[in-house]
Amino acid sequence: MAKKKPSALDALTRHDEEQRLLESRREELRRAAALELGLIALDAGGGALGAEGLRQAIRLALDGNGGEPAPGKMRSQVSMVHSPVKGEGNA
């Protein structure tokens, strides 16, 4: 007996379901990666910088390298960043 060829509508429905599953998995992986990166930042003393200081340190570390940190440069650039003081800084 020959197998019935699935309709385009069935294929689209199956594709949409696969897409939802992939998005769900992607979100799980993003959360796990964020947790790993957060732990690394805390272990490296990033908590002392505060949220904005840490964002700035990450931007500085990745700036000009196409998103890739330069070996040995991250530590020197991070040390130049100071934690924001209330009432000062960019708004």
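How each quantity is defined
- Residues numbered from 1 in each chain as written.
- Predicted model: local features only at pLDDT ≥ 70, side-chain atom pairs only at ≥ 80, totals over all residues.
- Heavy atoms only, no water.
- Helix = DSSP H or I, 4+ residues; strand = E, 2+ residues; numbered from the N terminus.
- Areas by Shrake-Rupley, 256 points an atom, 1.4 Å probe, with all protein chains shown as cover.
- pLDDT = per-residue confidence, 0-100.
- Contact = heavy atoms within 4.5 Å.
- Expected span 1.5 Å × (residues − 1).
- Buried < 20%, exposed > 50% of the residue type's maximum accessible area, 1.4 Å probe, protein only.
- Arc of directions from axis to C-beta.
- Salt bridge = Lys/Arg side-chain N within 4 Å of Asp/Glu carboxyl O.

Chemist: Kindly report on the overall build of the protein chain, identifying the contributing residues and their values.
Modeler: Helices and strands together make up the secondary structure of the protein chain, namely 3 helices and 0 strands. In the protein chain, the order of α-helices and β-strands from amino to carboxyl end is α-α-α. Within the structure as shown, the protein chain displays about 8,200 Å² of accessible surface, and the carbon and sulfur contribution to it stands at 58%.

Chemist: An account of the confidence of the model for the protein chain is needed here, citing residue identities and associated values.
Modeler: Low pLDDT marks regions whose predicted coordinates should not be analysed in detail. When pLDDT is averaged along the protein chain, the result is 79; 67% of the residues meet or exceed 70. Put simply, helix α3 (residues 74–79) is where the protein chain has its lowest mean pLDDT, 44, and helix α1 (residues 8–43) is where it has its highest, 96. In the predicted structure, residues 73–91 sits below a pLDDT of 50 and forms 15 contacts with residues beyond four places in sequence or in another chain.

Chemist: With reference to specific residues and values, describe helix α2 (residues 50–62).
Modeler: Taking 1.5 Å of rise per residue, 13 residues should cover 18 Å, and α2 covers 18 Å from first to last C-alpha, within 8% of that figure. Along α2, the residues that are buried comprise G53, A57 and A61. Viewed along the axis of α2, the buried residues span an arc of 70°, placing them on a single side of the element.

Chemist: Which residues make up the pattern of salt bridges, and what values do they have?
Modeler: One pass over the full model with this rule turns up 5 salt bridges. R20 is paired through a salt bridge with E17; the nearest N and O atoms lie 2.9 Å apart. Residue R20 and its partner E17 are both found in helix α1; the two are separated by 3 residues, about one turn of the helix. If you follow the salt bridges from partner to partner, you end up with E52, R55 and R59 in one network.

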